[in-house]
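# Topology and contacts: notes
This is what each chain is made of:
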Amino acid sequence: MFKICDTTDVPEREARSFETPDGDTIFITQRDGRFFAYQNLCPHLQVELEFLENQFLDRDQEYIECSTHGALFFVETGECFSGPCQGQSLEKVDIEVHSDGGIYLID
Ligand code: FES
């Protein structure tokens, strides 16, 4: 199992991007003490979501936002509920938090 980072690397209501050993770019965000990870790829045009480093959330840090056309996604499910890809979803990445405080990729 590959350790991506520590839980302390991803503060509540913030997001951070990481590279996987397969070369994928993913991001992890924390909401109410739970961690959610997705591929950094917008389902609209298959481009990366952020213009600025680690800027994956909207201004209120409530939803995941694509910087290109402003699509909004629920943090917990990755589903787009507003924007050109409404009804589509971000690709979830399976992760697990271990007792050592690490966040691991599940293969
Ligand atoms: S590329 Fe993400 S909303 Fe268009």
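Because the structure is a prediction, the values reported are computed rather than measured.

Now for the pattern of salt bridges. Considering all chains together, one arrives at four salt bridges under this definition. With its nearest N and O atoms 2.8 Å apart, the salt bridge here joins Lys3 to Asp6. Residue classification places Asp6 among the partly exposed residues on the basis of a relative accessible area of 27%. The salt bridge partner of Arg31 is Glu62, with a shortest N-O separation of 3.9 Å. Note that Arg31 is positioned in strand S3 (residues 25-31) and Glu62 in the loop between strand S4 (34-39) and strand S5 (64-65), a separation of 31 residues in sequence. One salt-bridge network, in which partners are shared between bridges, spans Arg13, Arg31 and Glu62.

The next thing to look at is the UniProt feature "domain: Rieske" (unreviewed entry) in the protein. Per the UniProt record, "domain: Rieske" (unreviewed entry) is found at residues 2-86. Taken end to end, residues 2-86 comprises 0% helix and 35% strand; its first and last C-alpha atoms sit 32 Å apart.

Here we take up the side chain of Thr29. Along the polypeptide, Thr29 turns up in strand S3. Polar contacts involving the side chain of Thr29 include one to the main-chain carbonyl oxygen of Glu14, which spans 2.8 Å. Excluding residues that lie within four positions of it along the chain, Thr29 makes contacts with Val10, Glu14, Ala15, Arg34, Phe35, Phe36, Leu57 and Val75.

Here we take up the packing of aromatic side chains. Applying the stated rule across the entire model yields five aromatic pairs. Judged by centre distance (5.9 Å) and plane angle (40 degrees), the ring pair of Phe27 and Tyr38 falls under tilted. Here Phe27 is found in strand S3, whereas its partner Tyr38 is found in strand S4, with 11 residues between them in sequence. Each member of the pair, Phe27 together with Tyr38, is buried. Measuring from ring centre to ring centre gives 6.1 Å for Tyr63 and Phe74, while their planes differ by 70 degrees; the resulting arrangement is edge-to-face.

Next up on the list: the pairing of strand S9 (residues 102-105). Burial of the side chains of S9 extends over both faces: Gly102 and Tyr104 are buried on one face and Ile103 and Leu105 on the other. The pairing of strand S1 (residues 2-6) with S9 spans four bridges and is antiparallel. Looking at the pairing, Asp6 lines up with Gly102 of S9. Bridge analysis of strand S8 (residues 95-97) against S9 gives three bridges, and the strand direction is antiparallel. Paired with Glu96 across the bridge in S9 is Tyr104.

For the rest of this paragraph, the subject is the environment of Phe51. Structurally, Phe51 can be placed in the loop between S4 and S5. Assessed through its relative accessible area of 64%, Phe51 is described here as exposed. Once the C-alpha coordinates of Phe51 and Thr68 are considered, the two residues, 17 residues apart in sequence, prove to be 7.9 Å apart. If we skip the residues at most four places from it in the chain, Phe51 touches Ser67 and Thr68.

What counts and what doesn't
Chains are numbered independently. Their residues run from 1 in the order of the written sequence. In keeping with the predicted nature of the model, local features appear solely for residues at pLDDT of at least 70, side-chain atom pairs appear and are counted solely at 80 or more, and the whole-chain, interface and lining totals rest on all residues. Side-chain metrics in this entry use all non-hydrogen atoms of the structure; hydrogen atoms and water are not considered. Whenever a carboxyl oxygen of Asp or Glu lies within 4 Å of a side-chain nitrogen of Lys or Arg, that contact is scored as a salt bridge. Relative accessibility decides the category of a residue: with a 1.4 Å probe and only protein chains considered, values under 20% of the type maximum give buried, values over 50% give exposed, and everything between is partly exposed. Strands here are runs of E lasting at least two residues and helices are runs of H or I lasting at least four, both read from the DSSP assignment and numbered beginning at the N terminus. UniProt positions are given in the numbering used here, feature names are shortened, and annotations may be inferred rather than shown by experiment. Distance and chemistry together define a polar contact, namely a pair of N or O atoms within 3.5 Å, with one atom able to donate a hydrogen and the other to accept it when in protein, and with adjacent residues in sequence counting only for side-chain atoms on both sides. Residue contacts are defined here by distance: any two heavy atoms, one from each residue, within 4.5 Å place the two residues in contact. Within 6.5 Å between ring centres, the rings of Phe, Tyr and Trp (the latter by its six-membered ring) count as paired, and their orientation is classed by plane angle as stacked under 30 degrees, edge-to-face over 60, tilted in between. Two strands form a pair only when DSSP identifies at least two bridges running between them.

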